[in-house]
Amino acid sequence: MRIGIDLGGTKTEGVVLGPDGEELARRRYRTPSAQGYEAILQNIASLVFELADTVTGDFTVGVCTPGALSQSSGTLKNSNTGCMTGKPVQQDLERVLDRPVRLENDANCFALAEALDGAGQDAECVFGIIMGTGVGGGITIGQRLLSGRHHIAGEWGHNILESDGPPCYCGRKGCVETFLSGPGLAGDYARRGGEDGLDAIEVAARATAGDPVAATTLDSFLTRFGRALAVIINVLDPDVVILGGGLSNIDRLYLDGPARVARHVFNEDFHTPILQNQHGDSAGVRGAAQLWPDPD
Ligand SMILES: [Zn+2]
């Protein structure tokens, strides 16, 4: 059996997958972020052992988390849960669980889950995108993750899209993430004179309802999506692009997105499918479990 854990800032979710990828059990715990790093590790251990009690036989553990393991130090970087950053999370989990653990960032787990038995299951090369609080990406080739030399393969969210754009937490300005994330879209709406404090889905709904500022904002968002994604198409030329995260619910991305990408692709036509994910919020936790190969 394969246990997958999705460690988020507010909740920690776990599943047990059977041999054919079927979900045998699922539990959700609150993440004790305020209590610090050791409490988060113990919380994961409790969740793993509770899930393990639901199955017979041995099990593997895969963990999905924002951020990535540094190739050089083995510590977690770019995590959105402050107390996790700089910690050797994988090593420490192996210690508390007393077994090997595989750990990957959330966008990679998303891409893997969708490539194995989701929207990209028939594709040789998948580019999986998470557009939510941040923007991430993961690449699979032949249903295996491509990590890259620095373990950053697919991290298109911090390519600079507009050098005079808003500041990004990474220290640069105008990264893809500052425009194509939820806060990026909502912030752009506010900068254009729209109401402050809305979320991205509300801005998209207002555009549909005829709010002219929202319509202009969404149009720019789609143009930026096209320009940013065309860079990936020109370099990787994946067989399919799969969208996840809250913004993947904006239907204009599928209706108008391909034409916007086509403007910037180095080819006379563009017919890469841009698809919505099939696993929804479960992609991360499923991908985490699937970091280990199917036991048969
Ligand atoms: Zn950035």
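Higher on the page you've got the structure.
A few points on the structure. (Residues numbered from 1 in each chain as written. Predicted model: local features only at pLDDT ≥ 70, side-chain atom pairs only at ≥ 80, totals over all residues.)

Turning our attention to the overall build of the protein. Counting its secondary structure elements, the protein contains ten helices and twelve strands. For 296 residues, the compact-globule estimate of 2.2 N^0.38 gives 19 Å, and the C-alpha radius of gyration of the protein, at 19 Å, lies within 12% of that figure. By its C-alpha atoms, the protein is 55 × 40 × 40 Å across when sized along the principal axes. Residues counted as buried form 42% of the 296 residues belonging to the protein. (Helix = DSSP H or I, 4+ residues; strand = E, 2+ residues; numbered from the N terminus. Rg over C-alpha atoms; globule rule 2.2 N^0.38 Å. Buried ≥ 20, exposed ≤ 12 C-beta atoms within 10 Å, placed from the backbone.)

With that out of the way, let us pick up unusual backbone geometry. If a residue is not glycine, its phi is most likely negative; likewise, a peptide bond is most likely trans. The phi dihedral of His151 is positive, around 60 degrees, even though this residue is not glycine. Here His151 shows up in the loop between strand E10 (144-145) and helix H4 (177-180). Residues other than glycine seldom take positive phi values, yet Asp237 does so here, at roughly 45 degrees. Among the structural elements, Asp237 can be located in the loop between helix H7 (212-236) and strand E11 (240-244).

This next bit is on the packing of helix H5 (residues 182-191) against H7. Between H5 and H7, whose axes approach to 9 Å, the crossing angle comes to 135 degrees. By the angle between their directions, the pair H5 and H7 is classed as oblique. Of the two possible hands of crossing, H5 and H7 adopt the one that is right-handed. Every residue of H7 that contacts H5 at Leu185, Asp188 and Tyr189 is listed here: Val213, Ala214, Thr217, Ser220 and Phe221. Residues that form the contact of H5 with H7 fall into these classes: five nonpolar, two polar and one charged. (Axes fitted to C-alpha atoms, helices over the stretch in contact; angles between N-to-C directions. Parallel < 35°, antiparallel > 145°, perpendicular 65-115°, else oblique. Left-handed = near helix turned anticlockwise from the far one by under 90°. Contact = placed C-beta atoms within 7 Å. Nonpolar A, V, L, I, M, F, W, Y, C, P; charged D, E, K, R; others polar.)

In this section: the sheet that holds strand E8 (residues 125-131). Backbone hydrogen bonds are what pair the strands of a sheet, in a parallel or an antiparallel way. Taken together, five strands build an open sheet; the order of strands is E10-E9-E8-E11-E12 and the sheet is mixed. In the strand order of this sheet, the two ends are held by E10 and strand E12 (274-276), each with one partner. Sheet analysis places strand E9 (residues 135-141) next to E10, joined by two bridges and oriented antiparallel. Opposite Thr140, over in E10, you have Leu145 as the bridge partner. (Pairing = 2+ DSSP bridges.)

Our focus in this paragraph is the nonpolar core. Core analysis: the biggest nonpolar cluster contains 75 residues, and Ile3, Ile5, Val63, Ala111, Val176, Val203 and Ala288 have the highest contact counts within it. At eight residues, the largest contribution of residues to this core is made by H7. Counting the residues that make up this core, at least three belong to each of domain 1 (2-108 + 282-289) and domain 2 (122-277). In contact with Val203, not counting residues within four places along its chain, are Leu185, Ala186, Tyr189, Leu198, Ala214, Thr217 and Leu218. (Core = buried A, V, L, I, M, F, W, Y, C linked by C-beta atoms within 7 Å. Domains from an automatic or database assignment.)

Moving on: H7. Helix length check: H7 (25 residues) gives 36 Å between terminal C-alpha atoms against 36 Å at 1.5 Å per residue, within 8%. Phi turns positive one or two residues past the end of H7, at Asp237, with a value near 45 degrees. (Expected span 1.5 Å × (residues − 1).)

Moving on, we come to the sheet that holds strand E1 (residues 2-7). In space, the five strands of this open sheet follow the order E3-E2-E1-E4-E7, with mixed pairing throughout. Each edge of the open sheet carries a strand with a single partner, namely strand E3 (23-30) and strand E7 (101-105). Here the average twist between neighbouring strands, direction ignored, is 15 degrees. Where helix H3 (residues 106-117) meets the sheet, it contacts strand E4 (60-65) and E7, and its direction lies at approximately 100 degrees from that of E7.

As for its placement among the helices and strands, Val89 is situated in helix H2 (residues 89-97). Sequence separation of Val89 and Ala186 is 97 residues, and the distance between their C-alpha atoms is 33 Å. Once residues lying within four places of it in the same chain are set aside, the contact partners of Val89 are Leu76, Met84 and Leu103.

With that settled, consider the packing of helix H1 (residues 37-52) against H2. Helix packing geometry: the angle between the two helix axes and the distance between the axes. Relative orientation of the contacting elements H1 and H2 amounts to 50 degrees, with a least axis distance of 10 Å. When the interaxial angle is binned, H1 and H2 end up oblique. Of the two elements, H1 crosses H2, and the hand of that crossing is right-handed. Residues Leu41, Gln42, Ile44, Ala45 and Val48 of H1 touch H2, and the partners they reach there are Asp92, Leu93, Val96 and Leu97. Residue composition of the contact of H1 with H2, grouped by class: seven nonpolar, one polar and one charged.

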